[in-house]
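A closer look at the structure
Each chain, written out:
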Amino acid sequence: MRIWHLWKCSFKSIFGRVMKDMSEHTGLSDGDFGVLDRLVHLGNGKLRQQELVDSMEWTKSRLSHHLTRMEQRGLILRKPLDTGRGVQIIITSAGKSALDSSRPVLSKAIRKHFLEQLSAQDIESITKLAERINK
């Protein structure tokens, strides 16, 4: 249990610091980044709302509330599908700009709070472990 708790606490600590840096410098939350990143990488700028639910592993309600806040901030648009069944989520130019601006901030925070804390041997060990676990 000790190693399990150390692993969880380490992840939460690192992730929290990385997200704090990103939020402070860009105004985007982890959820905002997740939505915008998926819109660009999985859907070339647009996805059905259900596809976002599935890829983010959120409930429909949680995503819907989050999308409402993002739409109010001008990051995304919602558009009913022509079939009348479902909603398409579209990234706006402001959302794309926010995403593009956040990438270097996120990379810098990951380096600072995670990678710079590791030796080359640590990186090799963590990589091997992650590859084995994720098979």
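Residues numbered from 1 in each chain as written. Predicted model: local features only at pLDDT ≥ 70, side-chain atom pairs only at ≥ 80, totals over all residues. Heavy atoms only, no water.

**Some thoughts on the overall build of the protein**
Counting its secondary structure elements, the protein contains six helices and three strands. Order of helices (α) and strands (β) in the protein, N terminus to C terminus: α-α-β-α-α-β-β-α-α. Taken over the C-alpha atoms alone, the protein extends approximately 55 × 30 × 25 Å along its principal axes. In the protein, which comprises 135 residues, the share counted as buried stands at 28%. Sequence separation of 24 or more characterises 53% of the internal contacts of the protein that already satisfy a separation of 6 or more. For the protein, the exposed surface amounts to about 9300 Å²; the carbon and sulfur share of it is 55%. Averaged over its 23 positive side-chain charges, the protein has a centre that lies 3 Å from the centre of its 15 negative ones. (Helix = DSSP H or I, 4+ residues; strand = E, 2+ residues; numbered from the N terminus. Buried < 20%, exposed > 50% of the residue type's maximum accessible area, 1.4 Å probe, protein only. Contact = heavy atoms within 4.5 Å. Areas by Shrake-Rupley, 256 points an atom, 1.4 Å probe, with all protein chains shown as cover. Lys, Arg positive; Asp, Glu negative; His and termini not counted. Charge placed at Lys NZ, Arg CZ, Asp CG, Glu CD.)

**Observations regarding a nonpolar patch on the surface**
Judged by side-chain polarity, M1, I3, W4, L6 and W7 come together as a nonpolar surface patch covering roughly 640 Å² of accessible area. If you trace the backbone, I3 turns up in helix α1 (residues 2-26). On the basis of relative accessible area, I3 is assigned to the exposed category, the value being 66%. (Patch = residues over 30% accessible without salt bridge, like charges linked within 9 Å, V, L, I, M, F, W, Y side chains within 5 Å. Salt bridge = Lys/Arg side-chain N within 4 Å of Asp/Glu carboxyl O.)

**Description of the nonpolar core**
Within the largest apolar cluster, 24 residues are counted, with the highest numbers of intra-cluster contacts made by V35, L36, L39, L52, L63, L67 and I76. For this core, the secondary structure elements donating two or more residues are α1, α2 (30-43), α3 (49-56), α4 (60-72), β3 (87-91) and α5 (93-113). For I76, the contacting residues outside a window of four places in its chain are V35, L36, L39, L67, M70, E71, I89, I90, I91 and T92. (Core = buried A, V, L, I, M, F, W, Y, C linked by side-chain atoms within 4.5 Å.)

**Some thoughts on the packing of α2 against α3**
At a minimum axis separation of 11 Å, α2 and α3 run at an interaxial angle of 115°. For the element pair α2 and α3, the recorded crossing hand is right-handed. Within the contact between the two elements, α2 uses G31, G34, V35, R38, L39 and L42 and α3 uses L52, S55 and M56. A per-class count over the contact of α2 with α3 returns five nonpolar, three polar and one charged. (Axes fitted to C-alpha atoms, helices over the stretch in contact; angles between N-to-C directions. Left-handed = near helix turned anticlockwise from the far one by under 90°. Nonpolar A, V, L, I, M, F, W, Y, C, P; charged D, E, K, R; others polar.)

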